[in-house]
Amino acid sequence: MNAHLPGVAPSVTAQLVAALTPRLRKRLDAGVAKVAARPVAREGDMVRIALDDDTDLELHAPDGVVTSAEGIRCGCLLAPDCLHRAAVASAAPVADPTAPPATAPPATDLQEPAPPTEPSAPPASATPAQRTASAALHDAAAAVLEAGTDGAGAVLQAELLRAAHTARLAGLPRAAGRAVAVVTALRAARGGDPDYRLTDLTAALRDVLVLAHRLPDATGPELAELRGSVRQPYSPDGSLRLYGVFAEPVLTTTGYAGAVTWTADAAGRLYTVSDVAPGGAERATGAADRAVRLGDTALTHRELSRAGLAVSGATVSPAGRLGAGAGVRAVRASGVDWDAGPLDRLWAVPVPEQISRALRDDRAGGEAREDRDLLFLDVTLVGTVREAAGECLVADCGGLRLRLAAAHDHPALPHRENLRLLASVPGARLRVVARLTPGPLPRATLLAVSHPNDPGERVDLGLDRLRRADLHTVPLQQARPSHEPSHEPSPQPPPPHDTPPHEPPPAIDDAPVHLLRRRVMQAVSGGRRVLAFPGDRGAEVARLRRYGLGTAGELLAELHTTAADRARDPFGRLLPADTGRFVRAWLGAAVYTESLDRALCAAAWGADPTADFTTDPTAVPTGAPPQTPPGRTTPHPGPP
């Protein structure tokens, strides 16, 4: 995938690939690699690629998106039936069909509701078009799972994009969005993108298959949740007095970048002000110094994260985004420190309760609040630990050892550098804002911290850069938050070579869940054939059962059985594989693994592992009624 190319609508890619002859389809992947390696020249809305000295490929992308097949023109002799048009569409990022154009007013303006009218009642069950679209999504996603990332070339990707386009037209934007996410991850995997994560592709593929499985039989509110919505409605929220909390950069693999500023009202409810549009790392780093799009205020995102706002006529989406309609008025107001009211109530919520909220709301799909996985913690830095993705901080949070990793590894963003500097001040006591990373170990990505030398200041780790000169001596009493007095002696200063101490990984109960998780991910990466290789899998199944994971053992055995099950005709020739059975076995294992990971994550953080974390209708029901954690009757005052 070439990030310098404009986004191409899914329907355009599907149309161009479908028009190719079988001979050209076999050459499509090689054509994609060739086109992606050619230099790109941009002139206004026109993007040109020089295929050779005499042939140019042109993409007309008004507002940064190619929306029709006629927008891609080739100068070769075989045009318009040539391979080049389909190749460049397959090499370009997939455009989000629900995103507003880059030159339009703020996205919140486009999504402001019209005067309320009598809404039409949604259908009580899925329409025939939605059932057909769900079946197409299932078949296309199953073909991708069958082939794996190595075999899911441009042709299979185009089929999934066609199914996504059909689902969007049928009123299934949530399923369409997850299908586009699968294609984006596949292109990142095949193109060697350093931002590619196999876990993201596995999650997206699992979501597509679960949605396609549940949609045909869903009714009422469950169907509405599964369908999702194209644009979130904004409802009036009166006057708001907001206090800046922190700001973070946004840099996505789909070609969008910008900044988001988080604010909170007096009750601790969080709101966001965003500026995200097509762009790259330059836009992500520069958006912090642009004025926020809200009323007449001239505050930048960096300034708003430390100041405040008085808003009248506010409109808010269900996700917590502030609208920027014509009737919204906003003026600058004073901000407060993290350890002063009302922001201090964000850190007053017990950590187990924050974890339970994050794991529960994380299953609510695209319409959940954006703050669902934020954590507000008081920590003491202990050292570092080496992981496959690099070093991360080890911190103590009320007796709990947790790992704090960089939120983004892009070299243009200062996350990794700031993390390295914080590791040089062990013993510093900080207030931090982090984002939960579900897993068997307590782990989160670090977004913002209080300054080690001045607890009244804060550092947005994705936008601000710490200086080594500010961190060479950090007495423990000075690093401790001002609301928490201490009489402990200061720690010894770090060694002269500034090498942070390495903390050994904490001991955990090694429940062999990885045996099933590894096979689930291997199927996504290598396809069905990887699990069909001959070998004795009984030892892995027996080990799972010894640890009391009998269901995991049965799922693993079924996964291997269905992968290797190939019947033969009377002449000894292999018959087509039963893809449906293999997909059902893989989906059951994937959903079980995710649910078990959430339970282990809750236990690692000290939350109730038996709590109901599967409120989202995409979760496969287990038949067990929801359980309420003991002793929890009313929500703690704080963020929702």
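Whatever comes next refers back to the structure up there.
Okay, so let's go over this structure. If you're wondering where the values come from, they're calculated on a predicted model, not measured in any experiment. (Residues numbered from 1 in each chain as written. Predicted model: local features only at pLDDT ≥ 70, side-chain atom pairs only at ≥ 80, totals over all residues. Heavy atoms only, no water.)

### Points about the overall build of the protein chain
Part 1: Each helix and strand counted, the protein chain has 20 helices and 17 strands in total.
Part 2: Out of the 640 residues in the protein chain, the part that is buried amounts to 49%.
Part 3: Summarising the internal contacts of the protein chain: among those between residues at least 6 apart in sequence, 65% fall at separations of at least 24.
Part 4: About 28,400 Å² of surface is accessible on the protein chain, with carbon and sulfur atoms providing 54% of the total. (Helix = DSSP H or I, 4+ residues; strand = E, 2+ residues; numbered from the N terminus. Buried < 20%, exposed > 50% of the residue type's maximum accessible area, 1.4 Å probe, protein only. Contact = heavy atoms within 4.5 Å. Areas by Shrake-Rupley, 256 points an atom, 1.4 Å probe, with all protein chains shown as cover.)

### Section: the environment of Leu-402
Part 1: Relative to the helices and strands, Leu-402 is located in strand S14 (residues 400–406).
Part 2: In contact with Leu-402, not counting residues within four places along its chain, are Leu-377, Leu-393, Val-394, Ala-395, Asp-396, Cys-397, Pro-442 and Trp-605.

### Some remarks on the packing of helix H6 (residues 128–151) against helix H9 (residues 198–214)
Part 1: Following both chains from N to C, one finds H6 and H9 inclined at 145°, their axes separated by 8 Å at the closest point. In the crossing of H6 with H9, the sense of the turn from one axis to the other is left-handed. Contacts from Ser-134, Leu-137, His-138, Ala-141, Ala-142, Leu-145 and Thr-149 in H6 reach Leu-201, Leu-205, Val-208, Leu-209 and Ala-212 in H9.
Part 2: Along the lines of polarity and charge, the residues of the contact of H6 with H9 split into nine nonpolar, three polar and no charged. (Axes fitted to C-alpha atoms, helices over the stretch in contact; angles between N-to-C directions. Left-handed = near helix turned anticlockwise from the far one by under 90°. Nonpolar A, V, L, I, M, F, W, Y, C, P; charged D, E, K, R; others polar.)

### Section: the packing of aromatic side chains
Part 1: Applying the stated criterion across every chain yields a total of three aromatic pairs.
Part 2: A centroid spacing of 5.0 Å and a plane angle of 35° characterise the contact between Trp-338 and Trp-347, whose relative ring orientation is tilted. Like Trp-347, Trp-338 is buried.
Part 3: Seen in terms of ring centroids, Trp-347 and Phe-376 are 5.1 Å apart; in terms of plane orientation they differ by 75°. Their pairing is edge-to-face. Of this pair, Trp-347 sits in the loop between strand S11 (329–333) and helix H13 (351–361) while Phe-376 is found in strand S12 (residues 374–387), placing the two residues 29 residues apart along the sequence.
Part 4: Using a relative accessible area of 8% as the deciding quantity, one classes Trp-347 as buried.
Part 5: With relative accessibility at 1%, the residue Phe-376 sits in the buried group.
Part 6: Through pairs of rings, three or more aromatic residues link up here, namely Trp-338, Trp-347 and Phe-376. (Phe/Tyr/Trp six-rings, centres within 6.5 Å; stacked < 30°, edge-to-face > 60°.)

### What to know about the pattern of salt bridges
Pairing is possible between side chains that carry opposite charge, provided their charged atoms lie close to one another.
Part 1: Applying the stated rule across the entire model yields 31 salt bridges.
Part 2: Among the ionic pairs, Asp-396 bridges to Arg-401, the shortest N-O distance being 4.0 Å.
Part 3: Ionic contacts of the salt-bridge type, sharing partners, join the residues Arg-178, Arg-206, Asp-207, Glu-594 and Arg-598 into one network. (Salt bridge = Lys/Arg side-chain N within 4 Å of Asp/Glu carboxyl O.)

### A few points about the packing of helix H16 (residues 514–526) against helix H18 (residues 538–546)
Part 1: Interhelical geometry of H16 versus H18 gives an angle of 135° and a closest axis separation of 10 Å. Judged by the angle between their axes, H16 and H18 are oblique. Taking contact as the criterion, the partners of His-514, Leu-515, Arg-518 and Arg-519 in H16 are, on H18, Glu-540, Arg-543 and Leu-544.
Part 2: Grouping the constituent residues of the contact of H16 with H18 by class yields two nonpolar, one polar and four charged. (Parallel < 35°, antiparallel > 145°, perpendicular 65-115°, else oblique.)

### Brief notes about helix H19 (residues 550–564)
Part 1: Relative to the 21 Å expected for 15 residues at 1.5 Å per residue, H19 spans 22 Å between its end C-alpha atoms, a close match to the ideal helical length.
Part 2: Residues of H19 that are buried: Ala-552, Gly-553, Leu-556, Leu-559, His-560, Thr-562 and Ala-563.
Part 3: Against the buried residues of H19 lie H16, helix H17 (528–531), H18 and helix H20 (579–605). (Expected span 1.5 Å × (residues − 1).)

### A few points about unusual backbone geometry
Part 1: The omega torsion across Ala-79 and Pro-80 is 5°, close enough to zero to call that bond cis.
Part 2: Note that the residue after Gly-341, namely Pro-342, is joined by a cis bond; omega there is 5°.
Part 3: By the secondary structure assignment, Pro-342 is in the loop between S11 and H13.

### What to know about the sheet that holds strand S7 (residues 235–251)
Part 1: The strand order across the open sheet formed by five strands is S9-S8-S7-S10-S11, and the pairing between neighbours is antiparallel. A strand with exactly one partner marks an edge of an open sheet, and here the two such strands are strand S9 (270–278) and S11. Each adjacent strand pair in this sheet contributes to an overall mean axis angle of 35°, direction not counted.
Part 2: In this sheet, strand S10 (residues 308–316) lies alongside S7 in antiparallel orientation, the contact comprising seven bridges. Residue pairing across strands places Leu-242 opposite Leu-309, the latter belonging to S10. (Pairing = 2+ DSSP bridges.)

### Here's the deal with the side chain of Arg-431
Part 1: Relative to the helices and strands, Arg-431 is located in strand S15 (residues 429–436).
Part 2: Using a relative accessible area of 7% as the deciding quantity, one classes Arg-431 as buried.
Part 3: At 3.1 Å, the side chain of Arg-431 and the backbone oxygen of Trp-338 are in polar contact. (Polar contact = N/O pair within 3.5 Å; in protein donor to acceptor, adjacent residues only side chain to side chain.)

### Focus on the sheet that holds strand S6 (residues 72–74)
Pairing between sheet strands relies on hydrogen bonds along the backbone, with the strands arranged either parallel or antiparallel.
Part 1: In spatial order, the strands read S2-S3-S4-S6; together these four strands make up an open sheet with antiparallel pairing. Of all strands in the sheet, those with a lone pairing partner are strand S2 (40–43) and S6, marking the two edges. Mean inter-strand twist for the sheet, computed between neighbouring axes without regard to direction, equals 20°.
Part 2: Pairing analysis gives five bridges linking strand S3 (residues 46–50) to strand S4 (residues 56–60), with the strands arranged antiparallel. Bridge pairing in S4 places Ile-49 opposite Leu-57.
Part 3: Strand contacts of helix H4 (residues 83–91): S3, S4 and S6, with the helix running at about 140° to S6, the strand carrying the most contacts.

### Considering a positive patch on the surface
Part 1: On the surface, a cluster of positive charge is made up of Arg-23, Arg-27, Lys-34 and Arg-38.
Part 2: Relative to the helices and strands, Lys-34 is located in helix H3 (residues 28–36). (Patch = residues over 30% accessible without salt bridge, like charges linked within 9 Å, V, L, I, M, F, W, Y side chains within 5 Å. Lys, Arg positive; Asp, Glu negative; His and termini not counted. Charge placed at Lys NZ, Arg CZ, Asp CG, Glu CD.)

### A look at the nonpolar core
Part 1: With 60 residues, the main nonpolar core has Leu-137, Leu-145, Leu-160, Val-182 and Trp-586 as its most contacted residues.
Part 2: Counting residues per element, this core draws most heavily on H20, which supplies nine residues.
Part 3: Residue contacts for Leu-145: discarding those within four places in its chain leaves Leu-205, Leu-209, Ala-523, Val-524, Gly-527, Arg-528, Phe-582, Val-583 and Trp-586.
Part 4: Leu-381, Leu-393, Leu-430 and Leu-471 belong to the second largest nonpolar core, which has 36 residues in total. (Core = buried A, V, L, I, M, F, W, Y, C linked by side-chain atoms within 4.5 Å.)

### With respect to a negative patch on the surface
Part 1: On the surface, Asp-52, Asp-53, Asp-54 and Asp-56 cluster together into a negatively charged patch.
Part 2: Looking at where Asp-53 falls in the secondary structure, it is placed in the loop between S3 and S4.
Part 3: The class of Asp-53 is exposed, set by a relative accessible area of 80%.

### Observations concerning the environment of Arg-174
Part 1: Checked against the element boundaries, Arg-174 lands in helix H8 (residues 173–190).
Part 2: Sequence separation between Arg-174 and Asp-207 is 33 residues, and the spatial gap between their C-alpha atoms is 9.6 Å.

### Topic: helix H7 (residues 154–169)
Part 1: Compared with an ideal rise of 1.5 Å per residue, which puts 16 residues at 22 Å, H7 spans 22 Å between its outermost C-alpha atoms and is within 8% of the ideal.
Part 2: Of the positions making up H7, those classed as buried are Ala-154, Gln-157, Ala-158, Leu-160, Leu-161, Ala-163, Ala-164 and Ala-167.
Part 3: In this fold, the buried residues of H7 make contact with helix H1 (10–18), H3, H4, H6 and H8.

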